[in-house]
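Here are the chains, one letter per residue:
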Amino acid sequence: MRNCFICFIILFFASLNLHAEDGHDLWLRTKSTGIVDIVCEKSSSTLNIAIQELKQCWRGESGTTLTLTVKPNILIVDDGFKISPGEIQANTDLGILYGVYELLRRQQTGEQIKEEIFNPSYERRLLNHWDNLDGSIERGYAGLSIFWRKGKDSLIVTGEDKKLWEEYARANASIGINGTVLNNVNASPNMLTSEIINRAKEVADVLRPFGIKIYLSVKFSSPSLIGGLKTSDPLNPEVTKWWNAKVKEIYNLIPDFGGFLVKANSEGQPGPQDFGRTHADGANMMADALKPNGGIVMWRAFVYETSGGDRAKQAYSEFMPLDGQFRDNVIIQVKNGPVDFQPREPFSPLFGAMKKTSVMPELQITQEYLGHSIHLVFLSTMWEEFLQSETYQQGKGSTVARCTDGSVYPQKYTAIAGVSNIGLDANWCGHHFAQANWYAFGRLAWNNSLSSEQIAVEWIKLTFCQTAENFDKIKDPLLVEWDLNFLKPVKQMILESREAAVNYMMPLGLHHIFAPDHHYGPGPWWAPKGVRKDWTPPYYHQADTNGIGFDRTQTGSNAVSQYHEPLNSKFNDLKTCPEIYLLWFHHLPWNYKMKSGRSLWDELCYYYDIGLQQVRQFQKVWDKIQPYVDSQRFVEVQSKLRNQCSNAHEWKDACLLYFQQFSRQPIPYEIERPVHDLEYLIEIDMKRH
Ligand code: GCV
């Protein structure tokens with residue numbers, strides 16, 4: 001009987017028109033199933049969007065009356081909102097729009113709707129686009145920029161541009177994102193020319209009703225590069241005057257302009273240190289210019305000198321002495337880890353340590369170090385691990401999340417940024433599952449204590465269950481089958497996917513052993529003469545015949561000392577250092593005995609192998625869900641998983657064969673033998689397939 005039922009289910013789904021589906025609709029694909037009467041006394045472009053969304057996507061009881069009330073409520077913070085079955089209440093129009101998206105999401109995912117207040121964790125929730133003015137995107141894997149292009153029509157704003165920007169704005173608003181930096185932190189000085197500012201204004205006009213402010217990355221040396229000045233010294237009065245005038249020009253066009261993002265004295269970018277000034281001098285000069293209009297400066301702490309030392313220590317060493325010297329409209333933007341968006345890093349010790357300065361986390365949604373748009377890697381679990389990390393700065397409970405959202409220290413402004421993975425590809429992100437990372441970033445920026453499991457369930461339901469054709473036909477028993485045969489295995493797969501990537505790329509605290517430049521495949525051997533040591537993998541893995549790992553203990557680089565006790569001692573002591581960070585903090589002999597009882601070498605082999613097995617399992621999971629997904633997304637994901645699997649195999653073989661030259665030990669015999677030669681892997685350098 002049960003078999004018959006399963007056959008019926010399969011036939012049912014097969015008979016549905018699981019039509020081609022390019023993924024452009026993201027998680028916003030539902031259509032209304034009934035009528036809602038909306039009572040709203042106010043009118044504005046934002047409220048009009050809210051009303052339109054309700055009419056288009058209502059899945060509650062038909063004929064319900066819903067009141068939208070904009071009125072001050074001290075329990076509601078900023079653009080937060082209160083939902084109850086018959087009313088959405090907020091301080092602002094934008095709060096109402098957010099409330100509408102929350103209500104609709106709950107209707108679609110079957111979550112309870114009861115009286116509840118939702119307040120944002122961070123006041124500013126931003127995407128950072130690393131888009132260049134010629135339309136290319138640094139570390140972008142989903143096509144060209146949606147904002148910029150080269151060629152003679154580069155400044156013309158077409159109807160298509162506006163439509164796309166509006167869809168982009170809607171998607172962002174639906175997950176609470178309220179700011180976007182339109183261009184690369186490696187900024188072109190031309191960003192501040194009048195013609196480009198004009199185009200930025202056009203974008204701002206489209207984004208505004210959705211509550212999204214625009215910000216710009218600026219090049220520190222703009223005054224001399226485009227302003228005709230002899231210097232860009234932040235303490236020079238002419239320079240100050242130039243920035244003041246530029247800021248005025250921007251606000252004349254974009255009255256709600258958010259502010260500047262600055263990468264200074266980092267990876268060759270100019271900055272105040274070029275003039276003997278400090279980061280604080282540079283940031284404050286811009287902050288003063290922006291202050292009268294309420295703008296802010298997001299000043300990045302991603303700095304590391306060429307002069308050696310442990311790169312992981314440098315941001316802390318450079319910025320801690322400046323704590324307290326920044327204007328209150330400066331926020332220091334700090335990458336989650338102390339090195340650079342690696343598959344796994346401990347949190348940057350700057351979080352919680354700077355007590356008199358606003359600090360905001362920077363996450364990377366685009367998968368520079370996590371398989372680009374080829375590998376299926378759900379980053380929410382990585383960000384959850386980061387946000388929930390204990391800093392101990394004010395005792396237990398001082399998590400990174402609480403140290404940055406104003407719960408532990410008062411911050412004039414709170415913010416979080418994610419480096420965008422969006423481009424002109426039809427599905428926006430290059431990989432259908434990379435959309436989940438955009439979604440997860442927005443959800444965590446709104447509520448930094450959400451669990452990845454909840455985010456995963458929401459995203460899967462919204463993205464896959466609601467295709468217009470099948471959702472209405474799937475009545476309860478079928479939905480139960482869908483839960484069991486699609487939701488459950490896909491959820492498990494994505495929740496495991498980041499750990500799998502860590503396993504097949506760099507387990508046990510290894511980091512930055514990528515091939516150079518493209519940062520896609522393995523390159524633990526890469527160290528040409530004359531290249532900066534801290535740009536080469538051997539600097540990070542330190543493998544030799546004695547062992548492997550970077551010694552950051554008190555007797556090594558002493559990076560552990562930048563962490564608050566008891567973390568300093570915990571990371572320093574081999575007995576207490578979590579094994580996930582082992583080779584981040586310790587250099588250990590190949591025969592070091594792990595908690596599992598295996599030697600370090602054997603354990604490394606096992607982890608690489610487990611990572612590969614996990615991807616093979618993902619392939620099986622995906623093939624099995626075919627009846628429940630449209631053909632286009634099925635085939636496209638299937639093909640990416642094939643690539644990911646062969647890449648995982650290359651990662652495993654490359655790293656094990658390379659490190660084996662130092663460990664001089666066999667790969668445990670129960671583990672599958674390598675199928676590639678090291679010479680071959682070095683030769684192909686795993687250029688993008
Ligand atoms: C925008 C890494 C990336 C660079 C990036 C830099 C940064 O080094 O490889 O592409 O530049 O980080 O965050 O500034």
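A brief structural summary. (Residues numbered from 1 in each chain as written. Predicted model: local features only at pLDDT ≥ 70, side-chain atom pairs only at ≥ 80, totals over all residues. Heavy atoms only, no water.)

## So, the side chain of aspartate 653
To keep things clear, this is the line we draw: Numbering goes from the N terminus for both helices and strands, where a helix is a DSSP run of H or I of at least four residues and a strand is a run of E of at least two. When a residue's accessible area, from a 1.4 Å probe over protein chains only, is under 20% of the maximum for its type it is buried; when over 50% it is exposed; and in between it is partly exposed. For this count, His and the chain ends are skipped, Lys and Arg are scored as positive, and Asp and Glu as negative. A carboxyl oxygen of Asp or Glu within 4 Å of a side-chain nitrogen of Lys or Arg is what we treat as a salt bridge. Polar contacts, as used here, are pairs of N or O atoms within 3.5 Å; protein pairs need one atom able to donate a hydrogen and one able to accept it. Residues neighboring in sequence count only if both atoms are side-chain atoms. For this analysis, residues touch if any pair of their heavy atoms sits within 4.5 Å.
Here aspartate 653 lies in helix H20 (residues 631-663). Although buried, aspartate 653 forms no salt bridge, and the nearest oppositely charged side chain, lysine 652, lies 4.9 Å from it. Here the side chain of aspartate 653 touches valine 675 through a polar contact of 2.8 Å, landing on its backbone nitrogen. Residues within four places of aspartate 653 in sequence aside, it is in contact with Tyr658, Pro674, Val675, His676 and Leu681.

## A closer look at the sheet that holds strand S1 (residues 36-40)
Inclusion rule: Strands are labelled as partners when DSSP assigns at least two bridges between them. Only the stretch in contact is used when fitting a helix axis, every axis being a line fitted to C-alpha atoms; angles between N-to-C directions are given from 0 to 180 degrees.
The strand order across the open sheet formed by five strands is S1-S2-S4-S3-S5, and the pairing between neighbours is mixed. Here the strands that pair on one side only, and so sit at the sheet edges, are S1 and strand S5 (116-118). The sheet shows a mean angle of 20° between the axes of neighbouring strands, taken without regard to direction. Here four bridges tie strand S3 (residues 81-84) to strand S4 (residues 87-90), and the two strands are oriented antiparallel to one another. The residue of S4 that forms the bridge with lysine 82 is glutamine 89. Strands S1 and strand S2 (64-70) of the sheet are contacted by helix H2 (residues 45-57), whose axis makes an angle of about 165° with S1.

## Topic: the packing of H2 against helix H3 (residues 93-109)
Cut-off, in case you're wondering: In what follows, roughly perpendicular refers to angles from 65 to 115 degrees, roughly parallel to angles under 35, roughly antiparallel to angles over 145, and oblique to any angle outside these ranges. For any pair of crossing helices, the crossing counts as left-handed if the nearer helix is rotated counterclockwise from the farther one by less than a right angle, and right-handed if it is rotated clockwise. Amino acids outside the nonpolar list (Ala, Val, Leu, Ile, Met, Phe, Trp, Tyr, Cys, Pro) and the charged list (Asp, Glu, Lys, Arg) are all regarded as polar, and Gly is one of them.
Remark: H2 packs on H3, axes separated minimally by 8 Å, with the N-to-C direction vectors making an angle of 15°. Viewed along their axes, H2 and H3 adopt a mutual orientation that is roughly parallel. Seen along the crossing, H2 lies across H3 with a hand that is left-handed. Residues Thr46, Leu47, Ile49, Ala50, Glu53, Leu54 and Cys57 of H2 form the contact with H3, whose own contacting residues are Asp93, Leu94, Ile96, Leu97, Val100, Tyr101, Leu103, Leu104, Gln107 and Gln108. Classifying every residue of the contact of H2 with H3 gives twelve nonpolar, three polar and two charged.

## Section: the environment of tyrosine 409
Relative to the elements of secondary structure, tyrosine 409 occurs in the loop between helix H11 (400-404) and strand S13 (415-419). Judged by relative accessible area, which is 8%, tyrosine 409 ranks as buried. A C-alpha to C-alpha distance of 6.8 Å links tyrosine 409 and lysine 355, two positions 54 residues apart in sequence. At a separation of 2.8 Å, a polar atom in the side chain of tyrosine 409 contacts the main-chain carbonyl oxygen of glycine 352.

## Some points on the packing of H3 against helix H13 (residues 452-465)
Put simply, H3 and H13 touch, their axes get as near as 10 Å, and they point 80° apart. Classed by the angle they form, the pair H3 and H13 counts as roughly perpendicular. Here H3 contributes Arg105, Gln108 and Thr109 to the contact with H13, which in turn contributes Glu458, Lys461 and Leu462.

## Quick look at the nonpolar core
How we decide: Nonpolar core, defined: a set of buried Ala, Val, Leu, Ile, Met, Phe, Trp, Tyr and Cys residues in which side-chain atoms within 4.5 Å join the residues together.
Core analysis: the largest hydrophobic core is formed by 213 residues, its most contacted members being Trp299, Trp438, Trp622 and Phe659. Counting residues per element, this core draws most heavily on H20, which supplies 13 residues.

## What to know about the sheet that holds strand S11 (residues 330-335)
Reading around the barrel, the eight strands line up as S6-S7-S8-S9-S10-S11-S12-S13 and close back on themselves, with parallel pairing between neighbours. Each strand of the sheet is rotated relative to its neighbour by a mean of 25°, with strand direction disregarded. As paired strands, strand S10 (residues 296-300) and S11 are joined by four bridges and run parallel to one another. Residue pairing in the sheet places valine 297 in a bridge with valine 330 of S11.

## Considering the site of the ligand
Stated formally: Being near a molecule or strand, for a residue, means having at least one of its heavy atoms within 4 Å of it. Only the protein chains shown count as cover for residues, and the accessible areas themselves come from Shrake-Rupley with a 1.4 Å probe.
Around the ligand lies a shell of 14 residues, among which Glu138, Lys263, Arg300, Lys335 and Glu368 are the nearest. One of the side-chain nitrogen or oxygen atoms of asparagine 186 is found 3.2 Å away from an oxygen atom of the ligand. Contact distances for the ligand include 2.7 Å between an oxygen atom and a side-chain N or O atom of arginine 300. Protein contacts shield 96% of the accessible area of the ligand, which totals 340 Å² for the unbound molecule. Across the shell around the ligand, the residue classes break down as three nonpolar, three polar and eight charged.

## Section: the environment of tyrosine 122
Following the sequence through the fold, tyrosine 122 ends up in the loop between S5 and strand S6 (124-128). Residues tyrosine 122 and tyrosine 413, 291 residues apart in the sequence, show an inter-C-alpha distance of 8.4 Å. With near-sequence residues (within four places) excluded, tyrosine 122 lies in contact with Pro361, Leu387, Ala401, Thr404, Asp405, Thr414, Ala415, Ile416, Leu444, Ala445 and Asn448. At a separation of 3.2 Å, a polar atom in the side chain of tyrosine 122 contacts the side chain of asparagine 448.

## Regarding the pattern of salt bridges
Applying the stated criterion across every chain yields a total of 38 salt bridges. For glutamate 53, the salt bridge is made with arginine 170, and the minimal N-O distance between the two is 2.6 Å. Linking glutamate 53 in helix H2 with arginine 170 in helix H4 (residues 159-174), this pair joins segments that are 117 residues apart in sequence. Between glutamate 603 and arginine 598 there is a salt bridge; the shortest N-O distance is 2.9 Å. On the accessibility criterion, arginine 598 (31% relative accessible area) is partly exposed. The network of salt bridges with common partners includes Glu102, Arg105, Arg106 and Glu111.

## Regarding the packing of aromatic side chains
We apply this condition: When two rings of Phe, Tyr or Trp (its six-membered ring) have centres within 6.5 Å they constitute a pair, described as stacked for plane angles under 30 degrees, edge-to-face for angles over 60, and tilted for the intermediate range. For a Lys NZ or an Arg CZ to count as sitting over a ring, it must be within 6 Å of the ring centre and within 35 degrees of the ring normal.
Per the counting criterion, the structure on display carries 41 aromatic pairs. Relative to tryptophan 651, the ring of phenylalanine 514 lies with its centre 5.5 Å away and its plane at 85°, an arrangement referred to as edge-to-face. Note that phenylalanine 514 is positioned in the loop between helix H15 (476-505) and helix H16 (537-541) and tryptophan 651 in helix H20, a separation of 137 residues in sequence. Tryptophan 651 shares its class with phenylalanine 514; the two are buried. Among the aromatic side chains, those forming a connected cluster through ring pairs are Trp27, Phe147, Trp165, Tyr168, Trp428, Trp438 and Tyr439. Over the ring of tryptophan 584 we find arginine 552; its NZ or CZ atom is 4.8 Å from the centre of that ring. Taking the ring centre of tyrosine 606 as reference, the NZ or CZ of arginine 598 above it sits at 3.9 Å.

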